[in-house]
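So the chains spell out like this:
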Amino acid sequence: MDLSFPRFDREAELTVLPGDLAVLIVGIAARQAASPTAAVQAGFSRGTIDPKLFAPVHGAFNGPMADALTRWKQE
């Protein structure tokens, strides 16, 4: 784990962004969220997920590779 990120320095001068920039960013985010692409993408997550994807019958996410590793380990 890399914890070498810079710490918050209370002595450093804070940079204040202009209010117009915040309004611009909010406007861009609102237009992106209302786009047809965002609506289609949001619809993808509404479907039910097949539980067999996360708990396969054979117990491995990649059955052929698990079999190959088991055979290789037994050699």
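Notes on the structure in this doc start here. Please read all numbers here as calculations on a predicted model, not as lab measurements.

**Describing the overall build of the chain**
At step 1: When helices and strands are tallied, the chain shows three helices and zero strands.
At step 2: Secondary structure elements of the chain occur, N-terminal to C-terminal, as α-α-α.
At step 3: Of all 75 residues assigned to the chain, the portion counted as buried reaches 5%.
At step 4: Carbon and sulfur atoms make up 64% of the accessible area of the chain, which totals about 7600 Å².

**Topic: a nonpolar patch on the surface**
At step 1: A grouping of Leu17, Leu21, Leu24, Ile25 and Ile28 is seen on the molecular surface, where their side chains present a nonpolar patch of about 440 Å² in accessible area.
At step 2: Looking at the element boundaries, Leu21 is found in helix α1 (residues 19-33).

Cut-offs used in this document
Residues numbered from 1 in each chain as written. Predicted model: local features only at pLDDT ≥ 70, side-chain atom pairs only at ≥ 80, totals over all residues. Heavy atoms only, no water. Helix = DSSP H or I, 4+ residues; strand = E, 2+ residues; numbered from the N terminus. Buried < 20%, exposed > 50% of the residue type's maximum accessible area, 1.4 Å probe, protein only. Areas by Shrake-Rupley, 256 points an atom, 1.4 Å probe, with all protein chains shown as cover. Patch = residues over 30% accessible without salt bridge, like charges linked within 9 Å, V, L, I, M, F, W, Y side chains within 5 Å. Salt bridge = Lys/Arg side-chain N within 4 Å of Asp/Glu carboxyl O.

So yeah, pure geometry; function would need other evidence.
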